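Read off the chains here:
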Amino acid sequence: MRGISTKEDWGWAIGKGSVLVMVSRKSCAECVALLESEQDFQVDRVCTIDLDEPGGFDIREKIPWLWNEVDVLPFWRIFIDGREYGTARGGDLGRVRLMIEESLESHHLRNS
């Protein structure tokens, strides 16, 4: 998983293909466990935004949904070709995988 801490990182992460973004904190035990595990989410990239990182505050100013929507950690959002498709909250990986599946299907239908 690649960390996102700058506007440039953000642009790279969501630019092309499918990317799953996980928002976390070091104080979130579930987040730490997920970061240490080797999960295959069937997306092109998995990236993290660690709100405890020094750049975390700066990136929150550039990405409004970090302020407005992140209420549970881990917080997951999928982007496909730069467009936001789905969100999941918490550590239920079944829910995260379903969100990914539904988002990829929606993208495929939209672009068929």
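Scroll up to find the structure this text is about.
Quick summary incoming for the structure in this document. Everything quoted here is computed from the prediction, not taken from an experiment.

Analysis parameters
- Residues numbered from 1 in each chain as written.
- Predicted model: local features only at pLDDT ≥ 70, side-chain atom pairs only at ≥ 80, totals over all residues.
- Heavy atoms only, no water.
- Helix = DSSP H or I, 4+ residues; strand = E, 2+ residues; numbered from the N terminus.
- Buried < 20%, exposed > 50% of the residue type's maximum accessible area, 1.4 Å probe, protein only.
- Contact = heavy atoms within 4.5 Å.
- Lys, Arg positive; Asp, Glu negative; His and termini not counted.
- Charge placed at Lys NZ, Arg CZ, Asp CG, Glu CD.
- Salt bridge = Lys/Arg side-chain N within 4 Å of Asp/Glu carboxyl O.
- Pairing = 2+ DSSP bridges.

**Overview of the overall build of the chain**
Line of reasoning, step 1. Within the chain, the secondary structure is distributed over five helices and five strands.
Line of reasoning, step 2. Reading the chain from its N terminus to its C terminus gives the helix and strand order β-α-β-α-β-α-α-β-β-α.
Line of reasoning, step 3. Principal-axis analysis of the C-alpha atoms gives the chain an extent of 40 × 30 × 25 Å.
Line of reasoning, step 4. Counting only residues that meet the buried cut, the chain has 46% of its 112 residues in that class.
Line of reasoning, step 5. Long-range contacts, defined as pairs at least 24 residues apart, comprise 62% of the intrachain contacts of the chain with a sequence gap of at least 6.
Line of reasoning, step 6. Once the 14 positive and 20 negative side-chain charges of the chain are each reduced to a mean point, those two points are 5 Å apart.

**Here's the deal with the pattern of salt bridges**
Line of reasoning, step 1. This structure, assessed with the given rule, holds eight salt bridges.
Line of reasoning, step 2. Among the salt bridges present, the one from Asp71 reaches Arg89, with a minimum N-O distance of 2.7 Å. Here the residue Asp71 occupies a position in the loop between helix 4 (64–68) and strand 4 (75–80), and Arg89 occupies one in strand 5 (residues 83–89), the gap between them amounting to 18 residues.
Line of reasoning, step 3. Taking relative accessible area as the criterion, Arg89 reaches 32% and is therefore assigned partly exposed.
Line of reasoning, step 4. The closest approach of N and O atoms between Arg77 and Glu84, which form a salt bridge, is 3.5 Å.
Line of reasoning, step 5. The class of Arg77 is buried, set by a relative accessible area of 1%.
Line of reasoning, step 6. Residue Glu84 is classed as partly exposed on the basis of its relative accessible area, which comes to 40%.
Line of reasoning, step 7. Within this structure, Lys26, Asp50 and Glu53 form a network of salt bridges that share partners.

**A few points about the pairing of strand 4**
Line of reasoning, step 1. Burial of strand 4 is extensive: six of the six residues sit out of reach of the surface.
Line of reasoning, step 2. Side-chain alternation along strand 4 places Phe75, Arg77 and Phe79 on one buried face and Trp76, Ile78 and Ile80 on a second face that is also buried.
Line of reasoning, step 3. As judged from the six bridges shared by strand 2 (residues 18–24) and strand 4, these two strands associate in the antiparallel manner. Across the sheet, the residue bridging to Val19 is Phe79, located in strand 4.
Line of reasoning, step 4. Relative to strand 5, strand 4 runs antiparallel, the two being bridged by six bridges. When the sheet's bridge partners are listed, Ile78 is paired in strand 5 with Gly86.
Line of reasoning, step 5. If you look at the hairpin formed by strand 4 and strand 5, you'll find two residues sitting between the two strands, and Asp81 has a positive phi there, around 50 degrees.

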